[in-house]
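# Coordinates in review
Each chain, written out:
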Amino acid sequence: MTGIATAFRALAATAAALLAVTVTAPVAHAKPEPGAPGEFVSLRSVDPTIIQEMRYPTVHDFVGEPVDGYRQSLCILTRPAAEALHRAQLRLLRQGYSLKVYDCYRPQRAVDHFVRWAKDLDDERMKGEFYPRVDKTRLFADGYIAEKSGHSRGSTVDLTLVRLPALPTRPYRPGDKLVPCYAPKGERFPDNSVDMGTGFDCFDTLSHTDDPRIRGVQRANRQFLKRTLTEAGFVNLAEEWWHYTFQPETFPDTYFDFPVARRSVAGH
């Protein structure tokens, strides 16, 4: 019995020691998410008149679901880019137009989400609208998806023009019939923007800003947007009529990953 008692005493001592370690061990806390550097601002704090229709916090985008990192429907940009948009907006308002932004700063985790989606060849739920003529196996090779995006540097914006007064547009409902993004404007999903020849995020060569097949009013609208933003210091990406980067960039070599949320720029 003495040996058994000794064994029990040893087990009890071990249990007590383990309990002490458990009680006194520091509690692990989730790593706080990064905030934005002070050079970043909410566009609304610089110009509340610019219309915001942020697509990636919604299900109406080419992946068909909210994109990682978009916590709120909010345009965040570096201050110089936001102030340049403000200057362009002042000119446009005098002519009866407004800018409308679809996407601004984009966290790296969102880009990673795009990459994962592009590699999942079975997920084509939004193909009928956003890339009806592109085989999903070609998204990387054709330049529609990449592992890095200039948006993550904070001075790039996707945008269009709206004729004032801006008409309301109904929200997208999952299950809505998908119409090709290059269909005539009256057939595409409703957008209160002027007719640019394709919808936003249309994976098609018709989205090239100077595609010769885009003529008449559509071409004039693209050139009007390009001229206005060029004069404000932006440079267009030739493959996307909606894509502009303010130059010089505040962070030309840095790709950020703070979430799109009001707290990321609180106090800026």
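Okay, so let's go over this structure.

The next subject is helix α3 (residues 79-94). Counted at 1.5 Å a residue, the expected span for α3 with its 16 residues is 22 Å, and the 23 Å between its end C-alpha atoms agrees. All of the buried residues in α3 are Ala81, Ala82, Ala84, Leu85, Ala88, Gln89 and Leu92. Buried residues of α3 fall within an arc of 155 degrees about the axis and therefore sit on the same side. In the segment just after α3, Gly96 is the residue with positive phi, at about 85 degrees.

With that out of the way, let us pick up the pairing of strand β4 (residues 97-103). Within β4, seven of the seven residues are buried, which leaves it mostly tucked inside the rest of the structure. Bridge analysis of strand β2 (residues 51-52) against β4 gives two bridges, and the strand direction is parallel. Each bridged residue has a counterpart across the sheet, and for Gln52 the counterpart in β4 is Val101. With six bridges joining them, β4 and strand β5 (residues 156-163) adopt antiparallel strand pairing. Paired with Val101 across the strands is Leu159, a residue of β5.

Attention now moves to helix α6 (residues 216-231). An α-helix turns once per 3.6 residues; consequently, residues spaced three or four apart project the same way. Look at α6: 23 Å from first C-alpha to last across 16 residues, which is about the 22 Å you get at 1.5 Å a residue. Those residues of α6 that are buried are in contact with α3, β4, β5, β6 (234-236) and β7 (243-246). Gly233 sits one or two residues past α6 and shows a positive phi near 105 degrees.

Reading across the sheet, the five strands line up as β2-β4-β5-β7-β6 and stay open at both edges, with mixed pairing between neighbours. The sheet is open, and its two borders are formed by β2 and β6, each paired with just one other strand. Taken strand by strand, α3 contacts β4, β5, β6 and β7, and its axis lies near 145 degrees from that of β4. Packing against the sheet, α6 makes contact with β4, β5, β6 and β7, and its axis sits at approximately 125 degrees to β5.

This part takes up the packing of α3 against α6. Running from amino to carboxyl end, α3 crosses α6 at an angle of 130 degrees, the nearest separation of the two axes being 9 Å. The orientation of α3 relative to α6 falls into the category oblique. Judged by the twist between their axes, the crossing of α3 over α6 is right-handed. Touching Leu85, Ala88, Arg91 and Leu92 of α3 are Phe224, Thr228, Leu229 and Glu231, all from α6. Here the contact of α3 with α6 is composed, by residue class, of five nonpolar, one polar and two charged.

Thresholds, definitions, all that
Residues numbered from 1 in each chain as written. Predicted model: local features only at pLDDT ≥ 70, side-chain atom pairs only at ≥ 80, totals over all residues. Heavy atoms only, no water. Helix = DSSP H or I, 4+ residues; strand = E, 2+ residues; numbered from the N terminus. Expected span 1.5 Å × (residues − 1). Buried < 20%, exposed > 50% of the residue type's maximum accessible area, 1.4 Å probe, protein only. Arc of directions from axis to C-beta. Pairing = 2+ DSSP bridges. Contact = heavy atoms within 4.5 Å. Axes fitted to C-alpha atoms, helices over the stretch in contact; angles between N-to-C directions. Parallel < 35°, antiparallel > 145°, perpendicular 65-115°, else oblique. Left-handed = near helix turned anticlockwise from the far one by under 90°. Nonpolar A, V, L, I, M, F, W, Y, C, P; charged D, E, K, R; others polar.

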